Amino acid sequence: MDSIFAPKSSSTSTLSSPAFISRFLEASSSRKFSSLTFVGSRPIRYSSYSTTFSMVSNDVSKPKIITGDFGYVLEDVPHFTDYIPGLATCSNPLQDNPAYSVVKQYFVHVDDSVPQKIVAHKDSPRGIHFRRAGPRQKVYFDADEVHACIVTCGGLCPGLNTVIREIVYSLYHMYGVSRVLGIEGGYRGFYARNTTALTPKVVNDIHKRGGTILGTSRGGHDTSKIVDSIQDRGINQVYIIGGDGTQKGASVIFEEIRRRGLKVVVAGIPKTIDNDIPVIDKSFGFDTAVEEAQRAINAAHVEAESVENGIGLVKLMGRYSGMLQFSS
Ligand SMILES: Nc1ncnc2c1ncn2[C@@H]1O[C@H](COP(=O)(O)OP(=O)(O)OP(=O)(O)O)[C@@H](O)[C@H]1O
Ligand SMILES: O=P(O)(O)OC[C@H]1O[C@](O)(CO)[C@@H](O)[C@@H]1O
């Protein structure tokens, strides 16, 4: 969440790139997260270690690839600094926050990236890397300037309300932002009349409830109407929580925002109860799903054991992913 705020573009020799781990690889299952757009960006300085960074593609429809020495490949994501050069920056408000300023190395270094594969051989190429998430020292928005919105799309997953709450709390309490709007009922809520003002008070208890307080839906993705609404409402940070379809939608929203040259950040927050995203440790809600599944399995086990030739059958969600079944 901190990565929505990105550090300063230095004046020379920089390439802009997003701060969230930008691009999740396709899952081993059928789920595709190939076009996630995450927010926050920072310049990539030519570091002393990797001296040959070069941008291979800066087309939003194609992967943003940066290469370096020893077979280093950074699969980056697009960001508004790609098309709005020379944006002013300011210090991250967290630098003055006693809760964070005491922690050494709290901020993510501009050159930090996360390797796709942990195991490597001494002679093998360094391989594919992703932008590392986390707070940067410099950000692109003044707190007063920010008008954020949050939307949830696709199916339900445990933890959606917790994610909404954390975004609101972080924006308010860590970054001093006071305008956060809840878009109701998924993508189509952008062009509906109703919205919800999200304040710490409004979201205080929502993590104790299931579902999403914003409501969700499938369908209703009209890109230009959505971006019209973003523009008309003066929104400049868009937090989109949802699955692979939702992230494809987020990607085309960003493309339209880019086409219009708007200084608007689009943050895709991946939601999958199936935990089928490589690179990240665990997707939110997965643990709860495992716990619930265990309850069902245990109950079925008791039933099955209590009768002669008893069989317990529990059907779990997951389609082509076996993580939930395996873990339960
Ligand atoms: N290729 C796409 N381009 C634009 N919008 C899309 C695309 N695919 C899906 N969407 C939109 O994203 C929203 C959610 O998509 P979808 O119903 O596929 O759920 P999902 O995000 O994949 O979540 P789940 O994993 O629960 O199915 C819908 O409003 C849908 O219109
Ligand atoms: O019923 P369908 O179309 O297979 O989709 C259900 C899938 O959606 C999810 O509920 C969420 O992605 C999966 O767990 C599940 O496998």
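Residues numbered from 1 in each chain as written. Chains lettered and ligands numbered in written order. Predicted model: local features only at pLDDT ≥ 70, side-chain atom pairs only at ≥ 80, totals over all residues. Heavy atoms only, no water.

Engineer: It is not clear to me how the overall build of the protein chain should be interpreted in this structure. Could you clarify?
Structural biologist: Helix and strand counts for the protein chain come out as seven helices and 14 strands. Every one of the 328 residues in the protein chain was classed for burial, and the buried ones make up 48%. Within the protein chain, residue pairs in contact and separated by at least 24 positions form 75% of the contacts whose partners lie at least 6 positions apart. Accessible surface, the protein chain: about 15900 Å² in total, of which carbon and sulfur atoms supply 51%. (Helix = DSSP H or I, 4+ residues; strand = E, 2+ residues; numbered from the N terminus. Buried < 20%, exposed > 50% of the residue type's maximum accessible area, 1.4 Å probe, protein only. Contact = heavy atoms within 4.5 Å. Areas by Shrake-Rupley, 256 points an atom, 1.4 Å probe, with all protein chains shown as cover.)

Engineer: Help me understand the packing of aromatic side chains, please; the structure alone is not making it clear to me.
Structural biologist: By convention here, two paired aromatic rings are described through the distance between centres and the angle between planes. Within this structure, the stated rule accounts for five aromatic pairs. Ring centres of Phe-80 and Tyr-140 lie 5.7 Å apart, and the angle between their planes is 85°; on these two criteria the pair is classed as edge-to-face. Of this pair, Phe-80 sits in the loop between β5 (72-76) and β6 (90-91) while Tyr-140 is found in the loop between β9 (138-139) and β10 (148-152), placing the two residues 60 residues apart along the sequence. Residue Phe-80 shares its accessibility class with Tyr-140, and that shared class is buried. Judged by centre distance (5.7 Å) and plane angle (80°), the ring pair of Tyr-106 and Phe-107 falls under edge-to-face. Given the relative accessible area of 23%, Tyr-106 is considered partly exposed. Cluster of aromatic residues (ring-pair linked, three or more members): Phe-80, Tyr-140 and Phe-141. (Phe/Tyr/Trp six-rings, centres within 6.5 Å; stacked < 30°, edge-to-face > 60°.)

Engineer: Is there a simple way to explain the pairing of strand β8 (residues 127-131) in this structure?
Structural biologist: With four bridges connecting them, β5 and β8 associate as parallel partners. The residue bridging Leu-74 from the neighbouring strand is His-129, located in β8. Sheet topology places strand β7 (residues 113-115) next to β8; three bridges connect them, and they run antiparallel. Of the residues in β8, the one forming a bridge with Ser-113 is Arg-131. (Pairing = 2+ DSSP bridges.)

Engineer: Whenever I open this one, the sheet that holds strand β14 (residues 265-270) confuses me. Can you help?
Structural biologist: The strands making up a sheet associate through backbone hydrogen bonding, with each pair oriented either parallel or antiparallel. Pairing within the open sheet is mixed, and its five strands lie in the order β12-β11-β10-β13-β14. Both edges of this open sheet fall to β12 (195-197) and β14, since each of them pairs with a single strand only. The sheet shows a mean angle of 20° between the axes of neighbouring strands, taken without regard to direction. Where β10 meets strand β11 (residues 180-183), three bridges bridge the pair, whose relative direction is parallel. Paired with Cys-149 across the two strands is Leu-181, which belongs to β11. With respect to the sheet, helix α5 (residues 244-260) is in contact with β13 (237-242) and β14, its orientation differing from that of β13 by roughly 160°. (Axes fitted to C-alpha atoms, helices over the stretch in contact; angles between N-to-C directions.)

Engineer: I'm lost on the pairing of β11 in this one. Help?
Structural biologist: Looking down a regular strand, the side chains alternate between one sheet face and the other. By the alternation rule, side chains of β11 split into Val-180 and Gly-182 and Leu-181 and Ile-183, which are all buried. Regarding the hand of the β-α-β motif, the stretch spanning β10, helix α2 (residues 160-174) and β11 is right-handed. Two elements, β11 and β12, share three bridges in a ladder whose sense is antiparallel. Within β12, the residue paired with Gly-182 across the bridge is Thr-196. (Right-handed = clockwise from strand over helix to strand, strands pointing away.)

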